[in-house]
Structure formats: C-alpha cells, structure tokens
Amino acid sequence: MQNFGKIPVSWNMDNFKELPYKLDPDLIMCEEYVAVGHHLESMKFYNCFETDIGFSLDNIVKDFDFLSNIRIAVNLFTPGQYIPLHSDKYERFSRLNKLSNLDSVVRIILMLEDNVPGQFLQIEDKVIYSWQAGDWFAWKSTARHAFYNFSKDNRYSLQITGTLN
C-alpha cells in the first residue's frame, strides 16, 4: 500500500464549508496531554459523518478502489485546534464491519484545500507541512499520528477509513 498520493480536485469547497459540523466527542486520548499542561479546549475538532453529508462523494471514493468497507467523515480544524500524537482504536468501524483485528484497516486523510503556513500533519515521525488540494496521506491501523492547525484559516480534510482489498 502506498502512503501518499494525489487525486484530481473534483469537488466544490463551498459544499464542504456548509456542512453541519459537530464537535468530535472522543477526547479520551487527550487526557495524558492535559495532565502535563495542554488545554483541552484546544484539543478539539469538528467533523461531519457521511450520514449527514447531503451530496455524493462517489467522484472522490472511486479513486480509492484498493479499499473496501469505506466510511467517510469530513474533519474541520479551526485556527488553534490540534489533536496531539495518538493512535486510533477504530471501535465503531470495527463493530460496523465485524472486524476482530485491525491489521487490514487503513486511514486516509485527503486534503480538500491547499496547505497554508501553520497547518501540519504528523504520521509516526514524519511531519507534513506542505500539501495541495487532492493530496492524500495514509497509514495502517494504529500508526501514531497528529493534526495541528496553528494557522489563521480553517483546515478541511476528508477522512476515509476502509480495509485493504
């Protein structure tokens, strides 16, 4: 599996900016960071799950035909928000797809807009700070990753979770 790639931009950003985002409720991984002085209010982000997206994403998902059981969310990080280095547990995804282990699970983050200074993505020990709309980055199952938006602009991305074919 390739860890990064690029797909053609085939979306209208206005559609993504108007979605009914909700504060992500899963902040359990932040407890260890709060204990050493991080502020919980900064370690939050917003998302919109596929059930609340009122338009088709088929034009995007078709480019990820190496995945099955695809689930989608749109993530919004407002200025000053970040999620520190952590590993996902995929509890809901595993339950929905009746998975007993995470070996085949892949998470892809598709950047919907060009990077602006102050926006970073970290996967394991690699920090990514320059991308263009259509660039995507992937990791398998429980790889540690983080997101930071220390810019003055919102950062939108499409989160694609699936299992390798």
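Refer to the structure printed above.
Residues numbered from 1 in each chain as written. Predicted model: local features only at pLDDT ≥ 70, side-chain atom pairs only at ≥ 80, totals over all residues. Heavy atoms only, no water.

Caption draft 1: Local environment of the environment of Lys-140. Note on placement: Lys-140 falls in strand S9 (residues 135–140). Taking the relative accessible area as the measure of exposure, Lys-140 reaches 40% and is therefore partly exposed. Residues Lys-140 and Thr-163, 23 residues apart in the sequence, show an inter-C-alpha distance of 9.3 Å. Setting aside residues no more than four positions away along its own chain, Lys-140 makes contact with Met-1, Asp-103, Val-105, Val-106 and Leu-164. (Helix = DSSP H or I, 4+ residues; strand = E, 2+ residues; numbered from the N terminus. Buried < 20%, exposed > 50% of the residue type's maximum accessible area, 1.4 Å probe, protein only. Contact = heavy atoms within 4.5 Å.)

Caption draft 2: Structural view of the sheet that holds strand S10 (residues 145–149). The 4 strands are arranged S5-S10-S7-S8 in an open sheet whose pairing can be described as antiparallel. Each edge of the sheet is formed by a strand with only one pairing partner; in this case those strands are strand S5 (82–86) and strand S8 (126–128). Neighbour-to-neighbour, the strand axes of the sheet open up by a mean angle of 15°, direction not taken into account. Here strand S7 (residues 119–123) runs beside S10; their pairing, made up of 5 bridges, is antiparallel. Bridging across to S10, Gln-122 finds its partner in Ala-146. (Pairing = 2+ DSSP bridges. Axes fitted to C-alpha atoms, helices over the stretch in contact; angles between N-to-C directions.)

Caption draft 3: Just the side chain of Ser-141, in detail. Looking at where Ser-141 falls in the secondary structure, it is placed in the loop between S9 and S10. Of the residues examined, Ser-141 reaches a relative accessible area of 13% and is grouped as buried. Residues contacting Ser-141, with those up to four places away along its chain left out, are Tyr-90, Leu-102 and Val-105.

Caption draft 4: Representation of the packing of aromatic side chains. One pass over the full model with this rule turns up 11 aromatic pairs. Both rings, one in Tyr-21 and one in Tyr-156, keep their centres 6.1 Å apart while their planes meet at 55°; by these two values the pair is tilted. Note that Tyr-21 is positioned in the loop between helix H1 (13–17) and strand S2 (22–23) and Tyr-156 in strand S11 (residues 155–164), a separation of 135 residues in sequence. Take Tyr-21 and Tyr-156: they sit in the same class, and that class is buried. For the ring pair Phe-77 and Phe-147, a centre distance of 5.6 Å and an interplane angle of 40° mean the geometry is tilted. In this pair, Phe-77 sits in strand S4 (residues 67–77) while Phe-147 sits in strand S10, placing the two residues 70 residues apart along the sequence. (Phe/Tyr/Trp six-rings, centres within 6.5 Å; stacked < 30°, edge-to-face > 60°.)

Caption draft 5: Structural detail: the environment of Ala-35. Its location among the elements puts Ala-35 in the loop between helix H2 (31–34) and strand S3 (46–49). Classification of Ala-35 by relative accessible area gives exposed; the value is 66%.

Caption draft 6: Region of interest: the pairing of S10. Of all the 5 residues making up S10, 5 are buried; the element is thus mostly covered by neighbouring parts of the structure. Going residue by residue along S10, you find His-145, Phe-147 and Asn-149 tucked away on one face and Ala-146 and Tyr-148 tucked away on the opposite face as well. In this sheet, S10 lies alongside S5 in antiparallel orientation, the contact comprising 3 bridges. Paired with Ile-83 across the two strands is Phe-147, which belongs to S10.

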